[in-house]
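Structure assessment
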Amino acid sequence: MGERALPKVSVIVVNYRGAEHSVTCLRALRDELDWPAEALELICVDNASGDGSAQRIAAAVPQARLIRSATNTGFAGGCNLGVAHATGEIVAFLNSDARPHRDWVRAAVNVLQAEPDVAAVASKVLDWDGERIDYVDGGLTWYGMGYKPHIGKLDDGAHDTARDVLFGTGAALLARREVFERVGGFDERFFMFCEDVDLGWRLNLRGYRVRYEPASIAYHRHHASLHGADPARETYLLERNALAALYKNVSDETLATVLPAALALAVRRATARGDCDPTELEMTRREPAAETPGPMAVPRVTMAGIYAIDRFVEMLPALATSRRVEQAARVRTDADLLPLMRNALERTSPEVPYLLAHDSIVEALGVTQVYGARRRILIITADAVSQRMAGPAIRAWNMAELLSGEHDVRLISLNDHSDVSCGGRDPADFDVRQVAPRSMGPELAWAQLVVLQGHVLEHIPSLKTSNHLVIADIYDPMHLEQLEQGRDLGDDQRAQVVEAVTAVLSTQLRRGDFFLCASQRQRHFWLGHLAAIGRLSPTVYDADPTTRSLLAVAPFGLPGKPPQRTGPGLRDTLGFGPREKVVLWAGGVYSWFDPLTLLHAVHALRTEHPDLRLVFLGMRHPNPDVPEMGMAGQARRLADSLGLTGEQVYFNETWVPYADRQNWLLDADAGVTTHFEHVETTFAFRTRVLDYLWAGLPIVTTDGDAFAELVAAEELGVVVPAQDPAALAAALQRVLYDDDFSAGCRDRIAAVAQRFTWETVLAPLVEFCRHPRPAPDRLRPAPLTAPDRRTGVAGTLRRDAALARSYLAAGGPTEVARRAAGRLRRLWISREWRTDL
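Residues numbered from 1 in each chain as written. Predicted model: local features only at pLDDT ≥ 70, side-chain atom pairs only at ≥ 80, totals over all residues. Heavy atoms only, no water.

**Observations concerning the environment of alanine 270**
By secondary structure assignment, the location of alanine 270 is in helix α8 (residues 252–273). Distance in space between the C-alpha atoms of alanine 270 and alanine 308 is 9.9 Å, their sequence separation being 38 residues. Apart from residues no more than four positions distant in its own chain, alanine 270 is found in contact with Thr302, Gly305 and Ile306. (Helix = DSSP H or I, 4+ residues; strand = E, 2+ residues; numbered from the N terminus. Contact = heavy atoms within 4.5 Å.)

Here is the structure:
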């Protein structure tokens, strides 16, 4: 961004009897910002301090323009007064008890210049020492109270992904001046507190975006500017202003439901905070001797809530005028903003009487019908959840992590190799449990929604006919993998395995209410399967001709937090120096991959580039139940025969712990994945490529899958034909030794990676869980275990024999008998769908 293109930024600091803090803030703005002085205007509004503050500020920071307000108009009025005197295209608000990071302005301006529909940038705000979170996101309750979901937590980088938010904190906020003035700025009636929530709410309703930018950082002494203000007065302002914001901004239909409930809850919150006894005036408590009762002692904090309601009533005529303006100008519905509210049913006070009343009110007065309810969600994987996790467990973990912000979530692993301590990972908002399939009864009784993957439906057959809403995660076309994986089997056994796995998937597709796949290619594939088994019926089609409400694309994701080194990586582990060029194969070596051509390519380059190193990240699957595939042995033997092992090629024979993988990725110079040209490739989604995107590694990949299309279209590396060692050698040479090309790839990867954060890719799952519904054709479910008559008796027997073998291996003759009895029993059982979600 050239200096001449820089917009002028007017930074407004409001002072009220806090000269010391204000001077520190203004000097930091003057001396520490990475922003040219000629494009920066400093404005300090003194809110009639009357204690000499204005004079001290003027003397200490003469570069700041001092505006003296005749009266104390609060933070909202002071900011608006500053904007009225500002000359910049962008106005920035910084609390007087805050200081900016040097990139505070530049990072925010970059967003405003790049995204025209962003009206305001919400900065990341940390405590004064930069250790704990003040603001990284904003939530809004159904009764109008804003909250900061992660306040007080350590800043571990987990919130370093830009995102749209409902509002930013007024402690550090930048906005387009023209838009700020057009919407009327901060509502000065609020004086202080909630004025930032109200502003962001109004901006979003009018179609603008508020964007959280983690590179725009400020440090805040929380509430230092309040000078020991009366807590009751703060409570009064928060309660009053929340009601005012609610009244102004929700639709007529929503207001009719939530305003009576909000008023009732405000009263209960007031009595709970004061630890009052609401039964004091009940007739059963009347004392005969006290004919003329004296005054009642009511705590000040309780009266603050009551006064807040009284003053809200007094403000109603003026608020009604504002409401008409906002409702006429809005272009978004309340439902549109629901995702930005985060958890609309969040409880913001800890008192038990309040918590009980909250739940009673939202149910009795219909609030849950407007804003939804917390669901009870089981996420079940057959993979091991432990320090060393493979793709299915990683995906299940991140689903649980994302959904737990709005729902009660349990992550269940059926694998007895799981370690529920999670290897030091902190599932702060969801339970992680290892449960045997036969012990799943209590878990299923608790759950309303079930998310499952792989063979889970076969492990827990009761789910086939249960009342649960089932979300089937079919991102892995297992039957196509078996076409390759089963090559070492005899023809009959291989056919039986493929047929059995296909039957497992068909059962999922018959049972599910909602499906997730990994790509548009997969979506077309699974639509064909759904059509073949009769799920694309007129009932389903008429409900949604796009079928997106039945089958959505939700790729594998990557962390929002950029990789940060936490320990030794591959260079320290394998003894590499800083000059070696490292190509990383991140993931296992399975039968559908082609490491052999890659080894030949490395062999061809060894003379010209003796510094080239190829590292296989993990040869042994973290789930001991998954056997090593023949291709792994072939790769080792070929590397040995070419004299590459321990020289140019290194095999990590274990599996790098999930929490440590970034250390190995950060030591690499490029990432590679090679595969054969076959149908599995066509519909595969190579999750290891996401690790390359996460670490910013230029990518070399074989053509034929969805990621190859992405790499080619976005110029993220080089795409080569299958089984072409010469082309592969040339590609490796380019990404490793052409510095300009490599740097360009890394720049483009940084932008593309944002599309694949878990928060982004799992949006369809989040939306379904907010508004769950049975699939249209499952309102009267048919038996799931009836054989496909087109396969004939012999085909059915072959499939049953393959399933029986898998049951025998899993639990012996007892398991086979149990499954057979269950099948007979299910033929006679039918149940009605539960509709209480």
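**Thoughts on the packing of helix α27 (residues 725–737) against helix α28 (residues 739–753)**
Where α27 meets α28, the closest approach of the two axes is 5 Å, and the angle between their N-to-C directions is 80°. In terms of orientation, α27 lies roughly perpendicular with respect to α28. Of the residues in α28, those touching α27 at Arg734, Val735, Leu736 and Tyr737 are Asp739, Phe741 and Ser742. (Axes fitted to C-alpha atoms, helices over the stretch in contact; angles between N-to-C directions. Parallel < 35°, antiparallel > 145°, perpendicular 65-115°, else oblique.)

**Let's talk about helix α3 (residues 74–85)**
Taking 1.5 Å of rise per residue, the 12 residues of α3 would be expected to cover 16 Å, and the 17 Å separating its terminal C-alpha atoms lies within 8% of that figure. Burial analysis of α3 places nine of its 12 residues in the buried class, which makes it a mostly covered element. Every buried residue belonging to α3 is among Gly74, Phe75, Ala76, Gly77, Gly78, Cys79, Asn80, Gly82 and Val83, and all of these are buried. Contacts from the buried residues of α3 go to β1 (9–15), β2 (40–46), β4 (90–94), α5 (177–182) and α6 (195–205). (Expected span 1.5 Å × (residues − 1). Buried < 20%, exposed > 50% of the residue type's maximum accessible area, 1.4 Å probe, protein only.)

**Describing the confidence of the model for the chain**
Residues at a pLDDT of 70 or more form 89% of the chain, whose mean pLDDT is 87. Residue range residues 780–797 is modelled with pLDDT below 50. Its contacts to residues more than four positions away, or to other chains, number 18 contacts. Overall, residues 805–837 carries pLDDT values under 50, and its contacts beyond four positions in sequence, including any with other chains, amount to 42 contacts. (pLDDT = per-residue confidence, 0-100.)

**Examining the sheet that holds strand β19 (residues 551–553)**
With respect to topology, seven strands assemble into an open sheet ordered β15-β14-β13-β16-β17-β18-β19, the strand pairing being parallel. With one partner strand each, in any of the chains shown, β15 (431–434) and β19 form the two edges of the open sheet. Sheet twist, expressed as the mean angle between neighbouring strand axes with direction ignored, is 20°. Here strand β13 (residues 376–381) pairs with strand β14 (residues 408–413) via six bridges, running parallel. Looking at β14, one finds that threonine 381 is bridged to serine 413. In the packing of helix α13 (residues 391–403) onto the sheet, contacts are made with β13, β14, β15, β16 (449–453), β17 (469–473) and β18 (514–517), and the angle to β13 comes to roughly 170°. Against the sheet, helix α30 (residues 763–770) contacts β13, β16, β17, β18 and β19, and its axis sits at roughly 170° relative to β18. (Pairing = 2+ DSSP bridges.)

**A look at the packing of aromatic side chains**
Tallied over the entire structure, the rule returns 20 aromatic pairs. Note on phenylalanine 576 and tyrosine 650: the rings are 4.9 Å apart at their centroids and 70° apart in plane angle, and the pair reads as edge-to-face. Remark: tyrosine 650 occurs in strand β22 (residues 649–651) and phenylalanine 576 occurs in the loop between α20 (570–574) and β20 (581–585); sequence separation between them is 74 residues. On the basis of relative accessibility, which here comes to 17%, the residue tyrosine 650 falls in the buried class. On the basis of an interplanar angle of 40° and a centroid distance of 6.1 Å, the ring pair of tyrosine 590 and phenylalanine 593 is categorised as tilted. Side by side, tyrosine 590 and phenylalanine 593 carry an identical accessibility label, which is buried. Taken together, the ring pairs in this structure connect Trp585, Tyr590, Trp592, Phe593, Phe616 and Phe651 into an aromatic cluster. The positively charged end of arginine 99 is found above the aromatic ring belonging to tryptophan 128, 4.7 Å away from the centroid. Here the basic side chain of arginine 734 rests over the ring of phenylalanine 741, its NZ or CZ set 3.8 Å away from the ring centre. (Phe/Tyr/Trp six-rings, centres within 6.5 Å; stacked < 30°, edge-to-face > 60°. Lys NZ or Arg CZ within 6 Å of the ring centre and 35° of its normal.)

**Some points on the state of the cysteines**
Evaluation of the coordinates by the stated rule reveals zero disulfides. Cysteine cysteine 25 remains unbridged, with the sulfur of cysteine 44 as its closest cysteine sulfur at 8.4 Å. (Disulfide = S-S within 2.5 Å.)

**A few points about the side chain of lysine 124**
By the secondary structure assignment, lysine 124 is in strand β6 (residues 118–127). In this structure the side chain of lysine 124 is engaged in a polar contact, spanning 2.6 Å, whose partner is the side chain of aspartate 160. Sequence-distant contacts of lysine 124, that is, excluding residues within four places in its chain, are made with Tyr135, Val136, Asp155, Asp160, Tyr212, Glu213, Pro214, Ser216, Ile217 and Ala218. (Polar contact = N/O pair within 3.5 Å; in protein donor to acceptor, adjacent residues only side chain to side chain.)

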